[in-house]
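# Tertiary structure, described
Spelled out from the first residue to the last, the chains are:
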Amino acid sequence: MVDPVPMTLRVYRKLTAAAAPLASLWIGRRLKQGKEDPSRVGERRGLSNDARPRGPVVWIHGASVGEVLAAAGLIERLRALNLRILLTSGTLTSAQVVASRFPPDIIHQFIPYDAPRFVDRFLDHWRPSLALFIESDLWPNLILAASARRVPMVLINGRMSQRSFPRWQRASATIGALLGRFDICLAQSRVDGERFSALGCPSVVTTGNLKMDVAPPPADPGRLERLHAVTRGRPVIVAASTHPGEEELLVEAHRQLATTFPTLLTVIVPRHPHRGEQVAGLVEAAGLPVALRSREQQPMAATAIYVADTMGELGLFYRLAPIVFMGGSLIEHGGQNPIEAVKLGAAIVHGPHVSNFTEVYRALDDEGGAFAVSDVDALVLRISSLLSNHDARQISITAATKVVDRLGGALDRTIAALEPYLLQLQIEQGAGNA
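Residues numbered from 1 in each chain as written. Predicted model: local features only at pLDDT ≥ 70, side-chain atom pairs only at ≥ 80, totals over all residues. Heavy atoms only, no water.

## Describing the sheet that holds strand β11 (residues 305–307)
With parallel pairing, 7 strands are arranged side by side in an open sheet as β10-β11-β9-β8-β12-β13-β14. The sheet is open, and its two edges are formed by β10 (290–292) and β14 (370–372), each paired on a single side. Taking the axes of each pair of neighbouring strands and ignoring which way they run, one obtains an average angle of 20° across the sheet. The sheet contacts of helix α13 (residues 276–285) involve β9 (265–270), β10 and β11, and relative to β10 the element is tilted by about 170°. (Pairing = 2+ DSSP bridges. Helix = DSSP H or I, 4+ residues; strand = E, 2+ residues; numbered from the N terminus. Axes fitted to C-alpha atoms, helices over the stretch in contact; angles between N-to-C directions. Contact = heavy atoms within 4.5 Å.)

Take a look at the structure:
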């Protein structure tokens, strides 16, 4: 029996319904900020220019790039069963990733704003046969409306951070009413599973982290060859997926490292490419020569810091550098996913704030597959040591590879847990084709 809707969610539904007429103002503001696609703003209101395909449709929702990429292997498995996929996300960068790295038959839509009328339009149009929500991007009206339509819902790759858990405990009736509408929660870890159970998920299975099974990002061979040519003979480090407040620290780290490694090239890849000009300005203000990839500039001999502010090229730079600093970890963001860098043979360095990937980093650190640093001075010492010692780098890379291999397998376990739903969809598909 589904729990009744608590007062908090009834109030939320009324407030979001009342706020729906203001959507145009909100969309206009986001357009000015470059956060919306002008040709697709209707999707935020639940409108679509795409037709629903015939037969069962599996709807997968992830907040942004990381969640969308985590679903890549799962999507391939579902496509192999001839199931049609509707993939929703909330950011421009995630839409760009889908367009560049996913098969053309994947239907991508921006998730509608969580107002009842927009949600109803979306669900009425797409009529999903199965809904898979990735990690913890839970929109109340969307979940309540899908449940009312009896859409089977599964939380996959479920994660509940140490910081979020006590906050949700204080709103136990609210989160319980939402999680109680999921058939099952497939959790990343035992701890995540225990937290979801405590918050009201009726059935929990620990399947592991899908991000451990993600294939390495691609790289254009010609572009990689050109980068190797212009950087040949130079030590190169990459600072990947950096956030505001980190780039200043990385510029200072480069300045210190350059006293020992005068030809050092530091590649900064901001998490959000639109910040490239801002990051380049920080470098220029520090008096260091900078080049910007979005301007089609190459890292020439005089370039100290190369700002790689383009989409879909992280695989290129992971292949270029033997050492990668994972961003979002020197500031209190929670860290970024190190798995792709590990799979492409980089030694990993990270800051102390890695709550988004606690178990992964703990396993890597314990086995010497990654190195935690607390501040700029420690970062400089660790990178200096790795640059100077090829054997130490290789030992770390080998250890990291073993850890990632050991922690893999989440995709197979996820498919196994979804098998009853997938069998039902295939039966429906066969009946529709008869």
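Back to the write-up after that little detour.
## Remarks on the pattern of salt bridges
Oppositely charged side chains can form a pair if their charged atoms are brought close together. Taken as a whole and judged by the stated rule, the model has 16 salt bridges. Between glutamate 247 and arginine 275 there is a salt bridge whose closest N-O contact spans 2.9 Å. Residue glutamate 247 is found in helix α12 (residues 247–257), and its partner arginine 275 is found in the loop between β9 and α13; the two are separated by 28 residues along the sequence. Take glutamate 247: its relative accessible area is 0%, and that puts it in the buried class. Under the relative-accessibility criterion, arginine 275 is labelled buried at 6%. (Salt bridge = Lys/Arg side-chain N within 4 Å of Asp/Glu carboxyl O. Buried < 20%, exposed > 50% of the residue type's maximum accessible area, 1.4 Å probe, protein only.)

## Concerning the UniProt feature "active site" (unreviewed entry) in the chain
Mapped onto this numbering, the UniProt entry gives "active site" (unreviewed entry) at Glu67. Taking relative accessible area as the criterion, glutamate 67 reaches 14% and is therefore assigned buried. Apart from the residues lying within four places of it in its own chain, the contact partners of glutamate 67 are Gly62, Ile134, Glu135 and Lys211. (UniProt positions renumbered as here; feature names shortened; annotations may be inferred.)

## Comments concerning the packing of aromatic side chains
Tallied over the full model, the rule gives 4 aromatic pairs. Joined through ring pairs, the aromatic side chains of Trp59, Phe122, Phe133 and Phe182 make up one cluster. (Phe/Tyr/Trp six-rings, centres within 6.5 Å; stacked < 30°, edge-to-face > 60°.)

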